Every structure is written in C-alpha cells, then in structure tokens.
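What the coordinates show
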Amino acid sequence: MRVVIAGGHGKIALRLERLLAGQGDEPVALVRDPGHEADVQAAGARAVLCDLETAGVEEVATALRGAGAVVFAAGAGPGSGAARKDAVDRAGSVLLAEAAERAGVRRFVQISSMGAGQAPRAGTDDVWAAYIKAKTDAEDDLRARDLEWTVLRPGGLTDDPGTGLVTLAAPSLPRGKVTRDDVAAVIVALLGTPDSAGHTLELVEGTTPVAEAVEAAVS
Ligand SMILES: NC(=O)c1ccc[n+]([C@@H]2O[C@H](COP(=O)([O-])OP(=O)(O)OC[C@H]3O[C@@H](n4cnc5c(N)ncnc54)[C@H](OP(=O)(O)O)[C@@H]3O)[C@@H](O)[C@H]2O)c1
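Residues numbered from 1 in each chain as written. Predicted model: local features only at pLDDT ≥ 70, side-chain atom pairs only at ≥ 80, totals over all residues.

With respect to the site of the ligand
Around the ligand, 24 residues are found, and the nearest of them are Gly 7, Gly 10, Ile 12, Leu 52 and Gly 75. Among the secondary structure elements, those contributing two or more residues to the shell around the ligand are α1 (11–22), α4 (82–103) and β7 (156–158). Taken together, the residues of the shell around the ligand break down into ten nonpolar, eight polar and six charged. (Near = placed C-beta within 6 Å. Helix = DSSP H or I, 4+ residues; strand = E, 2+ residues; numbered from the N terminus. Nonpolar A, V, L, I, M, F, W, Y, C, P; charged D, E, K, R; others polar.)

Spelled out as structure tokens, the structure:
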C-alpha cells in the first residue's frame, strides 16, 4: 500500500517509513526542505516537496492521489510559538484531511497528543495551551469528515529504543511516556487494522504487545 506521510522528515515519520518499506509498503514522505530528501530516501520513502503552511489543497491532493492511506505526522515542534501551533498542528492537518477527501484517500491516521480534547490545566503556559487547542481543533475537524480516520494521542515522546510493549486505549489514560519507535509500530498496526477507523486512542508505554494492544483497543 502507498502511504503518504505529512511531516515526512519527522522523528516518528522516519521510523514509520523504515517499518513500512521493510514490510513491502510504499511510503511517500511530504517534506518542505529539499535538504531532507536524502534522509527520507535512506529510510525507504519517496520524497515529495510540500510545505503545509504554503501549499494549496490541490497541490496536496495531487501528492495523495493513488495512495491507500495518509498519516499526519507533522508538528511545529519545540521552540515554536502559538502561531505555528495553529499553522501546522491545526491548519496543516485540516489541509491534509481536505486534500485526502479531494483525492479520494479515505484512510487517515492523525498523530495528535495526550491532553487534546480537554481544556488545558490551570496555570498552563500560553504556548502549551495553543498546542493543545490546535490538536483538539484538528481532531474535531477530522472527525467531522467523511474519512476512515483514527486519532492517535501519544504521551510524552522519547528516543529510547522501542520495547514493542504499550498501553493503548480510549481516553483517558493516566499521563505517561512512550518511545517514538513504539508510536511508529502502533501506526503500522493501525494501518493494517481497518476496524481502527472511528477510534480515538491514547498511547503510553506498557506491557501489551503492539498487535495485541491494537486488536483489543478496537474490539
Ligand atoms: N514531543 C512530544 O512529546 C509529543 C507528544 C505527543 C505528540 N506529539 C506529536 O507527535 C507528532 C510527531 O512528533 P515527532 O517528534 O516525530 O515530530 P518532529 O520530529 O518535530 O517532526 C515534525 C515534522 O513536521 C515537519 N513540519 C513542520 N512544519 C511543516 C510544514 N509547514 N510543512 C511540512 N512539514 C512541516 C517538520 O519539518 P522541518 O524539519 O522542515 O521543520 C518535521 O519533519 C507531532 O504532531 C507532535 O506534535 C509530540
């Protein structure tokens, strides 16, 4: 299956591309910096230049046509302010979802974040509040669309080696951490599980093998 990954040079995205290519899928990485093309190619993906803050819907739809699924793995990242949380984490996802509808790509996995769906805690700093609002608004937009969506809300991400063992469940889990390796493995399992469409799932480290956790979470 061809899987288009927005934010294709991100830390989760590169892991996801390696896993997909390794199992014979065809990952396509949307990147905004030509200097990132070699890295995504080394991960087994085809690179397509696309900046989610400047592209129009038709440009993104053109990149999606013929794909079996799309994954939103972009993010404004640490160090960015409230305006880019809105421009990337919300508007980038909305643009990708609109383009998926236009291109007829129905399967859509969105990387959101634990904390989305709730008002930010009292005393939260403005940038974190803007991030949580952007993720919440992006989720709400996606759920309103005629797409086979899955919203995945990981806890705090680490670069530790993956364990293959997770806790995955409908909201709300206690806050926790999870490795980017394990997030990528869960996304691969979600893409292979059509019944995960329509689910919002939270993800932290745990004791259940990924395939089993996905099966249990959607049954
Ligand atoms: N950090 C955490 O603890 C945490 C927890 C839960 C969820 N998340 C979410 O998990 C997701 C992935 O995390 P990650 O660590 O893999 O992120 P990451 O390494 O920061 O990757 C994000 C990617 O988005 C790309 N991007 C930014 N602006 C873009 C634009 N305008 N157009 C196209 N691409 C753009 C970046 O490209 P450039 O290199 O060109 O900027 C980067 O490759 C994000 O949505 C994040 O919000 C994070």
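Details of the pairing of strand β2 (residues 26–31)
With five of six residues buried, β2 is to be regarded as a mostly interior element. Two elements, strand β1 (residues 2–6) and β2, share five bridges in a ladder whose sense is parallel. What sits directly across from Val 3, in β2, is Pro 27. Of the strand pairs in this sheet, β2 and strand β3 (residues 46–49) are connected by four bridges, and their pairing is parallel. Its bridge partner lying in β3, Val 31 is registered against Leu 49. Between β2 and its parallel partner β3, the chain crosses via helix α2 (residues 37–42), and the hand of that crossover is right-handed. (Buried ≥ 20, exposed ≤ 12 C-beta atoms within 10 Å, placed from the backbone. Pairing = 2+ DSSP bridges. Right-handed = clockwise from strand over helix to strand, strands pointing away.)

The values reported here are purely geometric and, on their own, carry no functional implication.
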